[in-house]
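Coordinates in review
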Amino acid sequence: MSVWQRSLATIILGSWLSVVGVPPHASASCGAVSCFVTIGSQQQVAMEGLLTVNGIYSYTPMRLLPGTNGVIPGIDTSQRQLILDHHQETRTITQMATLDLNYGITERWGLQITIPYMWRTHHHIDGIGEDGPNGEGESTTFSSDGLGDMRVGLKYNLLPTLRSMVVLGFGVYLPTGVTSAKDSTGALMEPTTQLGRGQVGLNPTIYQTYELIPHRLNQFLFAGYRHTFRNNAGYQFGDQWDVNGGFNLVTVPWFVLTAQLNYRYMVHDNFSSSLLRSATPADAPDFPGEPVVLDPNIQNRAVPTTGSTFLAFTPGFQISLEGMMNSAWTKMTSAYFYAQVPVARDSNNSLAQGTSFIFGLTRSFQMLTPSS
Amino acid sequence: MKTAVVAAVLGVTLVGVLVVNGWSMGSRVPVVGTPAEDFQLVDLNGNPQRLGDYRGKVVLLNFWATWCKPCTTEMPAMQRTYDKLREKGFVVLAVNELEDETEVREHIRQFGHTFPVLMDRDNKVANQFGVYGLPVSFFIDERGVVREYIKGGLLTEQKIYEVVSRMQNQEPPKAASLK
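In every chain, residue numbers begin from 1 and rise along the written sequence. Labels are handed out in written order, letters beginning with A for the chains and numbers beginning with 1 for the ligands. Per-residue local features are limited, in this predicted model, to residues with pLDDT of at least 70; the limit for side-chain atom pairs, both in listing and counting, is 80 or more; totals at the level of whole chains, interfaces and linings are taken over all residues.

1. Observations concerning the overall build of chain B
Note the threshold: A run of DSSP states H or I qualifies as a helix once it reaches four residues; a run of E qualifies as a strand once it reaches two. Both are numbered from the N-terminal end. Neighbour counting defines burial: a residue surrounded by 20 or more other C-beta atoms within 10 Å of its own C-beta is buried, one with 12 or fewer is exposed, and intermediate counts give partly exposed, using backbone-placed C-beta atoms. In this description, any two residues whose backbone-derived C-beta atoms lie within 7 Å of each other are considered to be in contact.
Scanning chain B from terminus to terminus reveals five helices and seven strands. Along chain B, helices (α) and strands (β) appear in the sequence α-β-β-β-α-β-α-β-α-β-β-α when read from the amino end. Across the 179 residues in chain B, those meeting the buried criterion constitute 33%. Counted over contacts in chain B with a minimum sequence separation of 6, partners at least 24 positions apart contribute 75%.

2. Regarding the overall build of chain A
Assigned secondary structure in chain A consists of three helices and 18 strands. Relative to its full complement of 372 residues, chain A shows a buried share of 48%.

3. Quick look at the packing of helix 2 (residues 69–85) of chain B against helix 5 (residues 157–168) of chain B
All names here are of chain B. Worth spelling out the cut-off: Only C-alpha atoms enter the line fits that serve as axes; for helices the fit covers just the stretch in contact. Angles between N-to-C directions range over 0 to 180 degrees. Oblique is the label for every angle not falling under 35 degrees (roughly parallel), over 145 degrees (roughly antiparallel), or within 65 to 115 degrees (roughly perpendicular). What makes a crossing left-handed is the near helix being turned counterclockwise from the far one by less than a right angle; a clockwise turn instead makes it right-handed. Residue classes follow a fixed rule: Ala, Val, Leu, Ile, Met, Phe, Trp, Tyr, Cys and Pro count as nonpolar, while Asp, Glu, Lys and Arg count as charged, and any other residue, Gly among them, counts as polar.
Remark: helix 2 packs on helix 5, axes separated minimally by 8 Å, with the N-to-C direction vectors making an angle of 45 degrees. The angle between helix 2 and helix 5 places the two elements in the oblique class. Two packed elements cross with a definite hand, and for helix 2 against helix 5 that hand is right-handed. Residue-level contacts link Ala77, Met78, Arg80, Thr81 and Leu85 of helix 2 to Glu157, Ile160, Tyr161 and Val164 of helix 5. Residues of the contact of helix 2 with helix 5, tallied by class, amount to six nonpolar, one polar and two charged.

4. A look at the sheet that holds strand 1 (residues 40–43) of chain B
One key point about sheets: their strands pair by backbone hydrogen bonds, in either a parallel or an antiparallel sense. Residue and element names in this part refer to chain B. Going by this rule: At least two bridges found by DSSP between two strands is the condition for calling them paired.
Here seven strands make up an open sheet; going across it, the order is 2-1-5-4-3-6-7 and the pairing mixed. The open sheet has two edge strands with one neighbour each: strand 2 (48–50) and strand 7 (146–151). Each neighbouring strand pair of the sheet contributes to a mean axis angle of 30 degrees, computed without reference to strand direction. Strand direction decides the pairing type here: strand 4 (residues 90–97) and strand 5 (residues 117–120), joined by four bridges, are parallel. The residue of strand 5 that forms the bridge with Ala94 is Val117. The strands touched by helix 5 are strand 3 (58–64), strand 4, strand 6 (136–140) and strand 7; relative to strand 3, the strand with the most contacts, the crossing angle is about 145 degrees.

5. A short note on the pairing of strand 7 of chain B
All names here are of chain B. Most of strand 7 is tucked away, with six of its six residues classed as buried. Pairing of strand 6 with strand 7, which is carried by five bridges, proceeds in the antiparallel orientation. Residue Ile140 lies in a different strand from strand 7, and its bridge partner there is Val146. Counted along the chain from strand 6 to the antiparallel partner strand 7, the turn is five residues long, and its residue Gly144 has a positive phi close to 85 degrees.

6. Let's talk about the nonpolar core
Our working definition: As used here, a nonpolar core is made of buried Ala, Val, Leu, Ile, Met, Phe, Trp, Tyr and Cys residues. They are joined through C-beta atoms within 7 Å.
Ranked by internal contacts, the top residues of the largest apolar core, which has 41 residues, are Val95 and Phe138 of chain B. Of all the secondary-structure elements, those providing two or more residues to this core are strand 3, helix 2, strand 4, strand 5, helix 4 (124–128), strand 6, strand 7 and helix 5 of chain B. If one sorts the elements of this core by residue count, strand 3 of chain B sits on top with six residues. The residues contacting Phe138 of chain B, other than those within four sequence positions of it, are Ala36, Leu61, Phe129, Val146 and Tyr149 of chain B. Val167, Phe220, Leu221 and Trp241 of chain A belong to the second-largest nonpolar core, a separate cluster that totals 20 residues.

7. Examining the environment of Asn123 of chain B
Relative to the assigned elements, Asn123 of chain B resides in the loop between strand 5 and helix 4. The exposure class of Asn123 of chain B is buried, given the 20 C-beta atoms found within 10 Å.

8. Focus on the confidence of the model for chain A
Quick reminder of the rule: Scored from 0 to 100, pLDDT records how confident the predictor is in each individual residue.
Residue-level pLDDT values for chain A average 87, and 90% of them are 70 or greater. Within the model, the stretch residues 1–29 of chain A combines pLDDT values under 50 with 92 contacts to residues more than four positions away or in other chains.

9. Focus: helix 2 of chain B
Put simply, the test is: Multiplying 1.5 Å by the residue count of a helix minus one yields the expected span of that helix.
For helix 2 of chain B, with 17 residues, the first-to-last C-alpha span of 25 Å sits near the 24 Å given by 1.5 Å per residue. Of all the residues in helix 2 of chain B, the buried ones are Cys71, Glu74, Met75, Met78, Thr81, Tyr82 and Leu85 of chain B.

10. Observations concerning the confidence of the model for chain B
Residue and element names in this part refer to chain B. Confidence in the prediction for chain B averages 85 pLDDT; 78% of positions are at 70 or higher. Here residues 175–179 scores under 50 on pLDDT; set against residues more than four positions off or in separate chains, the count is 13 contacts. Across the interfaces of the predicted complex, the ipTM metric reaches 0.75, alongside a pTM of 0.83.

11. Focus: the pairing of strand 7 (residues 164–174) of chain A
Residues and elements named next belong to chain A. Among the 11 residues in strand 7, 10 count as buried, and that is most of the element. Strand direction decides the pairing type here: strand 6 (residues 150–157) and strand 7, joined by eight bridges, are antiparallel. The residue of strand 7 that forms the bridge with Lys155 is Gly169. Connecting strand 6 to the next strand, strand 7, in antiparallel fashion are six residues. Pairing geometry for strand 7 and strand 8 (residues 201–213), over 10 bridges, is antiparallel. When the bridges of strand 8 are listed, Phe170 appears paired with Pro204.

12. Considering the environment of Gly55 of chain A
Residues and elements named next belong to chain A. Considering the arrangement of structural elements, one finds Gly55 in strand 1 (residues 50–63). Exposure remark for Gly55: the 14 C-beta atoms within 10 Å place this residue in the partly exposed category. Those residues within four positions of Gly55 in sequence are excluded, and the remaining contacts are Leu99, Gly360 and Leu361.

13. What about unusual backbone geometry?
Following Ala284 of chain A, the chain continues into Pro285 of chain A via a peptide bond in cis, with omega recorded as 10 degrees. Omega for the bond connecting Leu134 of chain B with Pro135 of chain B falls within 30 degrees of zero, at -5 degrees, which places this linkage in the cis form. Inspection of the secondary structure assignment puts Pro135 of chain B in the loop between helix 4 and strand 6. Of note, His215 of chain A is a non-glycine position whose phi angle comes to about 60 degrees, a positive value.

14. Some remarks on the environment of Ser164 of chain A
Residue position: Ser164 of chain A is located in strand 7. Overall, Ser164 of chain A belongs to the buried group, with 24 C-beta atoms counted inside 10 Å.

Below is the structure:
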C-alpha cells in the first residue's frame, strides 16, 4: 500500500473522531519550534452554523542553553547521509501567522482548518571538520517564508453541558509546507528547518473544560499526539505528545486572565541514511577533510540531538472587544495575548525554545440559523 | 520507556477527565412530540415548583442566565406575552442556570419580571433537557408534551403567540423528530 493510500485509509478510519488542534510543530535538529498554547476558541466545537475565525501571530526564538555547545549531526537528504558532529547551532527565529477556521456543522460536530504562514531565519556553522582552514566550518544563514503544513480536522463534542465539555478531535496535517528552501550557500536546508515536514501527519486530540465557578473560573486540559509519516527524503519527524492544563478567570465580563502549563515530549527523529562522522584533528593529514564513513548502509537511524522535553508556564489575557464597546465592528470579537515562558528544558545539546509570544484576534460569524 | 510513561499519563488523564465529567453528562434534547420529563426546583420565593403542577396549561420553559445577553434580550417579549396570556392558560417558567440568588433577584427586580423564576443551581434540569447553550426554550402543551424546541434564535412576542395559539387550537403535533 502506498503512502497516499495509507493516508487516505487513515483519514476515512479516523473520520468518526474529532479534533481539537494546536497548530505548532517542533523539532530539535537545526532546531525550529513554535508555541503550543491552548487557545479556547480553537479547541471548542463552534455552535451549529457558527464560523469562528482566529488570526494568530506567534514569535518563537531558539538559542543554546548554558552548558551546551550546539554541535549536532548534519542531515544531507540528497546524499542520504547522517553526519555526526557536523553542525554547530546558533539560533533560530520562527514567526508564524495562522488563520484558524472553526465551523459548527451540527450541535456536536465541528470542522477545523488551520493555515499557517511562516517566516524562519536560522544561523549555524556548517561543515565542522570539513570547511575552513582549521576545520572550524562555515557560517551559514537561512531565511525562508511561505506556507506551512495545513491542518484539517473534525471535532466532536462528547459530553456537552452548560458547565463542562469534552471534545474529541482528529486532525490530519497536509504536506503543503515548503520543503525545498536553500541556505545562503545554495544547499538544500535540512528537513527540521524547512517550513513543512513533507509528509502527512495524524493528530488525535482531546480537550476538556469545566466551570469550577460558573461563568467566573474554569479549568481546562488538553492532550494531543502527532505522528508524521516518513517523507520522500527518508526523514521522519519523531512522535510528539502535548499536554496542556490551566485556568481561565473572568475578572470583569470583558477581561479574562488565563494561565496554563504546557508540556511537550518529542521522540527522536529518524532518518533513512548512511552514517558518517566529521573529520577531527586525529584524522590528520586528512583534516580538515571529507566526513569519515562509519556505516555505508542505508538504514533507519535515530537522529541524535533530536527528541526533547519542554515545560512552560504561559500566562495571558483575553479582551472581549464587544464587552468593551458595543458596535457592529466589535460584535463577537476578542483579542488575546500569551507569553510562553520556559520552566524546564532538555534539548539534547541542540537549540532550545526561549520565551515566546502569541497575539490573536478571534471573531465569530453566524453563517446559518441553527436547526430547531 | 519514556513513550510508555507518557502514554500511561495521557491514558490516566483521559480516564480521569471522562469520570469527572461523566456525572454531569448531558442528556439528549427531548424529542418533539414526547412527554417532557418532570422536575422540581425552588423559585425565588423559596417555594418548590414542579413542572407537573402546570399540567393543563401551555408552558414556555425557558433556560437563561443574567450574563447571557440574548437571554435577557428576549425576556421582555416573554413578559409581555405572559401578561397578556396568563389568564388564558399560559405560563412562563424561567429556569436560571448556575447563578447566585442575589444576582438573579436583582435582575428580576430591575426589569420587573413577574413570571416564575426557578433556580437550577446544580445544572441538573438543564442536563435533563440536554441544554448546553443559552438561551433555550421548550413549549410544552397542556398534556405535558413537548411541542416546540427553540435554540439559538431570539423569542419574539409574535413567535410566542404563534406557537401558543397553534397549541391551544389543538393542531396535530409535528411528527416526532430527533432534534
